[in-house]
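For reference, the chains in residue letters:
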Amino acid sequence: MSLVELAIKKMQAAARGASDAPVPQPPAADRPRTVPLAEPAPVVARLAPGVVGEMVSTGVHRALGSQPVEHRTDKMLLVDRRALRAAGLMPPENQERALADQYRHIKRPLIAAATGRGGQRLDRGQLIMMASAMPGEGKTFTSINLALSMALEKDISVLLVDADVPKPHISRTFGVESELGLLDVLRDRKTTVESVIIPTDVPNLSILPAGVRSDTATELLASHRMEETVNHLATANPRRVVVIDSPPLLLTSESRALAHWVGQIVLVIRAGFTPQQAVMDAIAFLGENKSIGLILNQSNTATPGYYYGYGDATTVPSP
Ligand SMILES: Nc1ncnc2c1ncn2[C@@H]1O[C@H](COP(=O)(O)OP(=O)(O)OP(=O)(O)O)[C@@H](O)[C@H]1O
Ligand SMILES: [Mg+2]
């Protein structure tokens, strides 16, 4: 039995155990209070349904080192966690603590391989792609929650990249779908990647939108310009960890083009949904010598409660 099959079996066994267990509740002191009158009105009230962010002008241009200061660097994205919850992209408050613990467990080996802190640093290990065999397995949910969890770390700055260019869920959800982004950088050499990165009000978290759609997205993602861009993202800022949301592997060519460039891949597997063969096929697409971590994601659509299992991030041979 291959390492992958062993990891999947281990996670399935763990998931079976976890689904029988009661969902942990936070202590009473941490449960949501009744809303005091002084509490500021949530941004969600002013946003379109399903949108969780609002662009504001800070009036201050960020310094970009030697990069030219460009038009949108004085903007900031306000992230509304309540709206994220309402959009189903963050757990409800009473389950946040339990999920946060699971993300702590998941992020540790990824950070070690990205930075060399507490483990061996991988080549381009700062570039971490969320992948899955099929649609709807939880890549976007995992990307957002992992990015938020990593942003809590000292000495790390997290860039959340929407590379799901056919279906830019993150860009749409954060209300930055019409902003320039990754595809514009790849299309136009004059657009620097730093100039289209949007800082957020979450400390240490910024977002790179997908950008204006393209019929040749796969070719752009496989281009020399993409190589320059990923090299820049992996080297320009030693504190930076890049979390990349992507389209499903078995249905799109874009995700395979993306996988070529990254140092770490997290394969999200939805419990009770993804056939084992689909997981094996996805891993075969990713090829040998890739560092692949497996997350068994039991979303609320499968069984009640939230559960993550994690197979050790490891270099797996082709099945
Ligand atoms: N751990 C989880 N707990 C609760 N809900 C989850 C979890 N993971 C995913 N979901 C829910 O499952 C649905 C699909 O998740 P998500 O959009 O992240 O999948 P995806 O892999 O990005 O899909 P696509 O391939 O279409 O982009 C969403 O409604 C999300 O809210
Ligand atoms: Mg998605």
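Residues numbered from 1 in each chain as written. Chains lettered and ligands numbered in written order. Predicted model: local features only at pLDDT ≥ 70, side-chain atom pairs only at ≥ 80, totals over all residues. Heavy atoms only, no water.

Trainee: Teacher, can you tell me more about the pairing of strand β3 (residues 127–131) here?
Mentor: Successive side chains on a regular strand alternate, one facing one side of the sheet and the next facing the other. Burial analysis of β3 places five of its five residues in the buried class, which makes it a mostly covered element. In β3, alternate side chains face the same way, and those of L127, M129 and A131 on one face and I128 and M130 on the other are all buried. For β3 and strand β7 (residues 240–245), the ladder comprises four bridges, and the chain directions are parallel. Among the inter-strand pairings, M130 is bridged to a residue of β7, identified as D245. Judged from the four bridges that link them, β3 and strand β8 (residues 264–270) form a sheet pairing that is parallel. Counterpart to I128 in the pairing with β8 is Q264. (Buried < 20%, exposed > 50% of the residue type's maximum accessible area, 1.4 Å probe, protein only. Helix = DSSP H or I, 4+ residues; strand = E, 2+ residues; numbered from the N terminus. Pairing = 2+ DSSP bridges.)

Trainee: When you look at the side chain of S157 in this model, what are you seeing that I'm missing?
Mentor: Among the secondary structure elements, S157 is positioned in strand β4 (residues 157–162). Assessed through its relative accessible area of 16%, S157 is described here as buried. Those residues within four positions of S157 in sequence are excluded, and the remaining contacts are N204, N237, R239, R240 and V241. (Contact = heavy atoms within 4.5 Å.)

Trainee: Help me understand the environment of N289 in this model?
Mentor: By the secondary structure assignment, N289 is in the loop between α11 (276–286) and β9 (291–298). The class for N289 is exposed, based on a relative accessible area of 66%. Spatially, the C-alpha atom of N289 lies 9.9 Å from that of G263, the residues being 26 residues apart in sequence.

Trainee: Any chance you could explain the environment of T274 here in plain terms?
Mentor: Topologically, T274 is positioned in the loop between β8 and α11. In this structure the C-alpha to C-alpha distance between T274 and A133, which are 141 residues apart in sequence, comes to 7.8 Å. When neighbours within four sequence positions are excluded, T274 is seen to be in contact with A133, M134, E137, I269 and V279.

Trainee: Help me out: how do you make sense of unusual backbone geometry in this one?
Mentor: Glycine aside, residues mostly have negative phi, and peptide bonds are mostly found in the trans state. With phi around 55°, R124 is a residue other than glycine that occupies positive phi space. Among the structural elements, R124 can be located in the loop between α3 (93–115) and β3. Among the residues examined, R124 registers a relative accessible area of 18% and is labelled buried. Of note in the backbone geometry, N204 takes a positive phi value of approximately 70° without being a glycine. With respect to the element layout, N204 can be found in the loop between β5 (198–199) and β6 (205–208). What makes N204 partly exposed here is its relative accessible area of 32%.

By themselves, these observations are geometric and do not establish any function.
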